[in-house]
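# Coordinate analysis (summary)
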Amino acid sequence: MSQKILVLPGDGIGPEIVAEAVKVLQRLQADFGLQIELEYGLVGGSAYDQHGSPLPQDTLDKAKAADAILLGAVGAPQYEHLDIAVRPEKGLLGLRSELQLFANLRPAMLYPQLAAASSLKPEIVSGLDIMIVRELTGGIYFGQPRGVRILENGERQGFNTLIYSESEVERIGRVAFDIARKRGKRVCSVDKANVLECTELWREVMSKVAKDYPDVELSHMYVDNAAMQLVKAPKQFDVIVTTNMFGDILSDAAAMLTGSIGMLPSASLDANAKGMYEPIHGSAPDIAGQGIANPLATLLSVSMMLRYSLNHAAMADKIDQAVTAVLDQGLRTADIHSANTEKVSTAQMGDAVVAAL
Ligand code: NAD
């Protein structure tokens, strides 16, 4: 039975990079027996232009019916004056909350061929391969009560609530342990259990979940130490699982260890491993329409989709190997270009990956 993929190109470079991802999917379909059906929809600024909403009902209905969603990027300067409720980014947030995508997977990988792009020494980051599993729909970003109140003395006081129920911790924990089983079999749970009761509970629940995964090693680390270790010895990590806010911060720091924003994919999954897959970068309006954007983060997002939602790990491996092969051939888009490599366009990079498949 064929699996349904909703393709949402979005804004800026979104359509350019997604076009390359579609080429790869079509090649897998034609030559490797991948049974998929592609549907298209509008999201972000392009959806606002046509429907007055960054997340039209039609897109949401298609997203709910799909087995997985591939998204390019949303946002552009011309939408920045709009009311926050209809800005392009609302389309993305709406999809995440409507589909209950609570598990955000952010790999930070550094291909040895690109080690010079990192701000850290090549020997510290070369071959880096971390998976950060961030809780995405709970914690302090959503906890109630929240707001700004006026105290009796007239001073204003801002407040937010860090809140996690056991079931929320358990479900993100299981996602992390399941992923670790397919990788290096190590999970590091990051918290601030020495100061925050909420994450003391987080630590307790993670230890309980670990009992169901005797083949996976669990360690705990305070978030301040984790930040330090990420820049000191990042290769010690396999899978990191953490709260919404800690994950927000640590995943950006980890991404930057690799130095190349155009190389990093991401996934956001629900309880049944249905997911939305997208590069971590934005719509890059400064280079949109020039045909020079790096499509590899989007192609690697397709690989994650095949691995985590569509259960085609062997095809995911094929894409990963094809990306390695084109880097070995010395092909580079402008963002990762350096001396002794060949500068190629978005489409040439996509074609090279298709050829390497
Ligand atoms: P950005 O990630 O779009 O761009 C940052 C820098 O990286 C730019 O110089 C850009 O040219 C470069 N870059 C990004 N992706 C690239 C690629 N694939 N190849 C080569 N270079 C690439 O971030 P920004 O400039 O802060 O934001 C631009 C717009 O994107 C804003 O409207 C923002 O709200 C939106 N945004 C969307 C998402 C998303 O859709 N998930 C994420 C972040 C930002």
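Look a little higher up for the structure.
Residues numbered from 1 in each chain as written. Predicted model: local features only at pLDDT ≥ 70, side-chain atom pairs only at ≥ 80, totals over all residues. Heavy atoms only, no water.

## Remarks on the overall build of the chain
Threshold: Here a helix means four or more residues in a row that DSSP labels H or I, a strand means two or more in a row labelled E, and each is numbered from the N terminus. Throughout, the radius of gyration refers to the C-alpha atoms, and the reference size of a globule is 2.2 Å times the residue count to the power 0.38. Contacts are assigned to residue pairs that have any heavy atoms within 4.5 Å of one another. In these tables, accessible area is a Shrake-Rupley quantity obtained with a 1.4 Å probe, and a residue counts as shielded only by the protein chains included in the view. The charge count includes Lys and Arg as positive and Asp and Glu as negative, but it does not include His or the ends of the chains. Where a charge lies is defined by one atom per residue type: Lys uses NZ, Arg uses CZ, Asp uses CG and Glu uses CD.
Looking only at helices and strands, the chain features 12 helices and 14 strands. For 357 residues, the compact-globule estimate of 2.2 N^0.38 gives 21 Å, and the chain sits close to it at 21 Å. Dimensions of the chain along its principal axes, counting C-alpha atoms only, are 65 × 50 × 45 Å. Taking the contacts inside the chain whose residues are at least 6 apart along the sequence as the reference set, 74% of them involve residues at least 24 apart. As presented, the chain carries roughly 15600 Å² of accessible surface, and 51% of it is formed by carbon and sulfur atoms. The averaged location of the 43 negative side-chain charges in the chain is 4 Å from the averaged location of its 32 positive side-chain charges.

## What to know about the side chain of Thr333
Heads up, the rule is: Residue exposure (1.4 Å probe, protein chains only): buried if accessible area is under 20% of the type maximum, exposed if over 50%, otherwise partly exposed. Think of a polar contact as two N or O atoms within 3.5 Å of one another; within protein, one of them needs to be a possible hydrogen donor and the other a possible acceptor, and neighboring residues in sequence only count if both atoms come from side chains.
The topology assignment puts Thr333 in the loop between strand E13 (331–332) and strand E14 (342–343). Residue classification places Thr333 among the buried residues on the basis of a relative accessible area of 0%. A distance of 3.4 Å separates the side chain of Thr333 from the side chain of Asn294, its partner in a polar contact. Setting aside residues up to four positions removed in sequence, Thr333 forms contacts with Ile292, Ala293, Asn294, Pro295, Val344, Ser345 and Met349.

## Structural notes on the packing of aromatic side chains
To keep things clear, this is the line we draw: Side-chain rings of Phe, Tyr and Trp (the six-membered ring for Trp) are treated as a pair once their centres are within 6.5 Å; stacked means planes under 30 degrees apart, edge-to-face means over 60, and tilted covers the remaining angles. By definition here, charges over rings are those cases where NZ of Lys or CZ of Arg is within 6 Å of the ring centre and within 35 degrees of the ring normal.
Counted according to the given criterion, the structure contains 3 aromatic pairs. Measuring from centroid to centroid gives 6.4 Å for Tyr48 and Tyr79, while their planes differ by 80°, and the two rings are edge-to-face. One end of the pair, Tyr48, is in helix H2 (residues 45–51); the other, Tyr79, is in the loop between strand E3 (68–73) and helix H4 (88–98), with 31 residues separating them in the sequence. Given a relative accessible area of 26%, Tyr48 falls into the partly exposed group. Look at Tyr79 and you get buried, because its relative accessible area is 6%. Here the aromatic rings of Phe177 and Tyr213 are separated by 4.9 Å at their centres, their planes lie at 25°, and the arrangement is stacked. Here Phe177, found in helix H6 (residues 166–181), pairs with Tyr213, found in the loop between helix H7 (197–210) and strand E9 (217–222); they are 36 residues apart in sequence, far enough to count as distant. Each of the two residues, Phe177 as well as Tyr213, counts as buried. Across from the ring centre of Phe159, 3.9 Å away, lies the NZ or CZ of Arg149, which sits over that ring.

## Overview of a negative patch on the surface
Selection criterion: Residues enter patches when their relative accessible area tops 30% and they take part in no salt bridge; the joining distance is 9 Å for like charges and 5 Å for the nonpolar side chains Val, Leu, Ile, Met, Phe, Trp and Tyr. Criterion for a salt bridge: a side-chain nitrogen of Lys or Arg within 4 Å of a carboxyl oxygen of Asp or Glu.
Taken together, the side chains of Glu166, Glu197, Glu200 and Glu204 define an acidic patch exposed on the protein surface. In terms of residues, the negative patch owes the most to one element, H7, which gives 3 residues. For Glu204, the location among the structural elements is in helix H7.

## What about the site of the ligand?
Heads up, the rule is: Think of it this way: one heavy atom of a residue within 4 Å of a molecule or strand is enough to make that residue near it. Residue polarity is assigned by list, with Asp, Glu, Lys and Arg as charged and Ala, Val, Leu, Ile, Met, Phe, Trp, Tyr, Cys and Pro as nonpolar; anything else, Gly included, falls into the polar class.
Surrounding the ligand, one finds 20 residues, the nearest of these being Val74, Glu89, Gly282, Ala284 and Asp286. Here Glu278 contributes a side-chain N or O atom positioned 3.3 Å from a nitrogen atom of the ligand. One of the backbone N or O atoms of Gly282 is found 2.7 Å from an oxygen atom in the ligand. Residues of the shell around the ligand, tallied by class, amount to 10 nonpolar, 6 polar and 4 charged.

## Examining the environment of Val205
Tracing the chain through its elements places Val205 in helix H7. Val205 gets classed as buried once you look at its relative accessible area, which sits at 6%. Residues Val205 and Ser167, 38 residues apart in the sequence, show an inter-C-alpha distance of 8.8 Å. In this structure Val205 touches Glu166, Val169 and Glu170, once residues within four positions along its chain are discounted.

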